[in-house]
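Listed below, chain by chain, are the residues.
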Amino acid sequence: MSETAASTPEGDIYDVAVVGAGAVGLAAALALAREGLRTALVGRHAPVADGRTVALLDGSVRLLRALGAWEALEPQAAALAEMHLIDDTGSLFRPPPARFVAREIGLDAFGWNVESARLVETLRARARAVPGLTLIEHDAAGRTLQEDRAVLALEGGGSVAARLVVAADGGGSPLREAAGLTAQRWTYPQKALTTILAHTRDHREISTEFHTREGPFTLVPLPGGRRSSLVWVSAEARAERLIALDDAALAAAIERQAQSMLGAMRIDGPRGLVPMRGLSVPRPVGPRLALVGEAAHVFPPIGAQGLNLGLRDAAALRDAVAGARDPGAESVLSGFARGRALDARLRTTAVDTLNRSLLTAFLPGDLARGIGLLALSTIAPLRRLVMREGVTPRLGTPTLMRG
């Protein structure tokens, strides 16, 4: 590893330059450098403490293990051995709680929950130790194309040239916008409150999701047995009222919403308020440019899909460019785009359908959702199929995520 605050020497060309120093950008840079590709990671390191966590599903953990990051992260992660879904909508058709157990599909856990800032810090530490990966602590200020390369201008001066630029620069991706890639956007009349909780009862490695009329209310285990992360999706006005409460009042409101299942609550970490929005890019590539993570797709924080999909982007890009003479060639990027399209579309549709079904007090919709949960509870082969697909899609699973 090398670290620089200046531009690369004239005529010096990286195989790949990854723009964006979040979890997906770091994972992409590590995966590409692992294959012997001379890689630069461009972007300032600025993790945000907002109480957000990520449930890393089994395939994502396999990727982190292959990248050499999981050993340091594992002690800070909590296993998700069971998932419970509880209908709390007040619907006339209210199915019994659905219970999903990882052991039923041969896993110790569906995944592991970890604080987002800790994930980024761990990946960053790993990136500092990897040969062939250069960290450039400047934001990109623009991109120009030449015949066989792209050139990134850097804030404050200087430039970086690479055969391929990977945009991991977030939902507002300047690189995507400058390239003119079409993005479909939508919003929801909700916001998600995130924080860390301490509670008096043990979570027993069970993640619990209440489906309410304003959106999912989800408690996810953290290490120690009596700490959990919260994602509380509610109407915008209610979310604004909740975030304004003092710690004691907010903890009491959370305990009521959780039906006291984990006992008395205490706020034990920072808070955040996340807008509920979506974004999808039908074709996440351009000339010498590939989009990954939120530059390619944005999800509301429901169902642990967003970051896990971004990590699959990173692993799939590694598969696409490994061994290629020119990683930015159109044929290489077209293969990557085809492979990511179905996965992103299926996850987007699933999350959007669930969220919208909760917001509409429409009896046929309630009936359909209730029948679906009842079927998952009672039909074992269907339940196992859904669990396996939710953890790691079998179609087109990237190499580093396979069992």
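About the criteria used
- Residues numbered from 1 in each chain as written.
- Predicted model: local features only at pLDDT ≥ 70, side-chain atom pairs only at ≥ 80, totals over all residues.
- Heavy atoms only, no water.
- Helix = DSSP H or I, 4+ residues; strand = E, 2+ residues; numbered from the N terminus.
- Buried < 20%, exposed > 50% of the residue type's maximum accessible area, 1.4 Å probe, protein only.
- Contact = heavy atoms within 4.5 Å.
- Phe/Tyr/Trp six-rings, centres within 6.5 Å; stacked < 30°, edge-to-face > 60°.
- Axes fitted to C-alpha atoms, helices over the stretch in contact; angles between N-to-C directions.
- Parallel < 35°, antiparallel > 145°, perpendicular 65-115°, else oblique.
- Left-handed = near helix turned anticlockwise from the far one by under 90°.
- Pairing = 2+ DSSP bridges.
- Salt bridge = Lys/Arg side-chain N within 4 Å of Asp/Glu carboxyl O.
- Expected span 1.5 Å × (residues − 1).
- Core = buried A, V, L, I, M, F, W, Y, C linked by side-chain atoms within 4.5 Å.
- Domains from an automatic or database assignment.

Asks: Can you break down the overall build of the chain residue by residue, with the values?
Replies: When you go through the chain residue by residue, the secondary structure sums to 11 helices and 21 strands. Taking all 403 residues of the chain together, 53% fall into the buried category. In the chain, of all internal contacts separated by at least 6 residues, the share reaching a separation of at least 24 is 74%.

Asks: I'd like to hear about the packing of aromatic side chains, residue by residue, with values.
Replies: Per the counting criterion, the structure on display carries three aromatic pairs. Their ring planes at 70° and their centres at 5.8 Å tell us that Trp-70 and Trp-112 sit as a pair that is edge-to-face. Residue Trp-70 is located in helix α3 (residues 70-73), and its partner Trp-112 is located in strand β8 (residues 111-115); the two are separated by 42 residues in the primary sequence. Pair check on accessibility: Trp-70 and Trp-112 agree, each one buried.

Asks: For the packing of helix α1 (residues 23-34) against helix α4 (residues 116-128), give the residues involved together with the corresponding values.
Replies: For the pair α1 and α4, interaxial distance at closest approach is 9 Å and the crossing angle is 25°. Between α1 and α4, the angle falls in the class roughly parallel. Remark: the crossing between α1 and α4 carries left-handed chirality. Contacts between α1 and α4 involve Ala-23, Leu-26 and Leu-30 on the former and, on the latter, Leu-119, Val-120, Leu-123, Arg-124, Arg-126 and Ala-127.

Asks: Just give me the short version of the sheet that holds strand β5 (residues 78-79), but keep the residues and values in it.
Replies: The strand order across the open sheet formed by three strands is β4-β8-β5, and the pairing between neighbours is antiparallel. The open sheet has two edge strands with one neighbour each: β4 (53-57) and β5. Bridge count between β4 and β8: five bridges; the pairing is antiparallel. Bridge assignment links Val-54 to a residue of β8, and that residue is Val-114. Here helix α2 (residues 58-66) sits on the sheet in contact with β4 and β8, set at roughly 90° to β4.

Asks: Kindly report on the pattern of salt bridges, identifying the contributing residues and their values.
Replies: Here the idea is simple: oppositely charged side chains can pair when their charged atoms come close. Tallying each qualifying case throughout the model produces 24 salt bridges. In this structure, Glu-35 and Arg-318 form a salt bridge, with 3.0 Å as the shortest nitrogen-oxygen distance. Taken together, the residues span a long stretch of sequence, with Glu-35 in the loop between α1 and β3 (39-42) and Arg-318 in helix α8 (residues 306-321) at a distance of 283 residues. The structure contains a network of salt bridges with shared partners spanning Glu-115, Arg-118, Arg-227, Arg-266 and Asp-268.

Asks: Please provide a residue-by-residue account of unusual backbone geometry, values included.
Replies: The phi torsion at Glu-205 lies on the positive side, around 60°, for a residue other than glycine. Positionally, Glu-205 belongs in the loop between β13 (184-199) and β14 (206-212). Taking relative accessible area as the criterion, Glu-205 reaches 36% and is therefore assigned partly exposed. The phi torsion at Ser-260 lies on the positive side, around 55°, for a residue other than glycine.

Asks: Can you break down α8 residue by residue, with the values?
Replies: Helix length check: α8, at 16 residues, gives a terminal C-alpha distance of 23 Å against a target of 22 Å (1.5 Å per residue), a fit within 8%. With 12 of 16 residues buried, α8 is to be regarded as a mostly interior element. Within α8, the full set of buried residues consists of Asn-308, Leu-309, Gly-310, Leu-311, Arg-312, Asp-313, Ala-314, Ala-315, Ala-316, Leu-317, Arg-318 and Val-321. Once α8 ends, the next one or two residues include Gly-323, with phi positive near 85°.

Asks: Lay out the packing of α1 against α8 with the relevant residues and their values.
Replies: At a minimum axis distance of 9 Å, the contact between α1 and α8 shows a crossing angle of 25°. Our classification of the angle between α1 and α8 gives roughly parallel. Remark: the crossing between α1 and α8 carries right-handed chirality. Counted together, Ala-23, Val-24, Ala-27, Ala-28, Ala-31, Leu-32 and Arg-34 of α1 and Leu-307, Gly-310, Leu-311, Ala-314, Leu-317, Arg-318 and Val-321 of α8 form the full contact between these two elements.

Asks: So what's going on with the nonpolar core? Which residues, and what values?
Replies: Grouped together as the largest cluster of nonpolar side chains are 54 residues, with contacts concentrated most on Leu-56, Leu-119 and Leu-133. Of all the elements, α1 adds the most residues to this core, at 10 residues. When residues of this core are assigned to domains, at least three map to each of domain 1 (14-71 + 115-185 + 280-363) and domain 2 (81-114 + 188-277). Residues Val-19, Val-160, Ala-167 and Leu-289 belong to the second largest nonpolar core, which totals 23 residues.

Asks: Before we move on, could you go through the environment of Gly-272 and cite the residues and values that matter?
Replies: Position of Gly-272 among the secondary structure elements: in strand β18 (residues 272-280). Considered as a pair, Gly-272 and Ile-243 are 29 residues apart in the sequence and their alpha carbons are 7.9 Å apart.

Everything listed is a geometric property; what it means functionally is a separate question.
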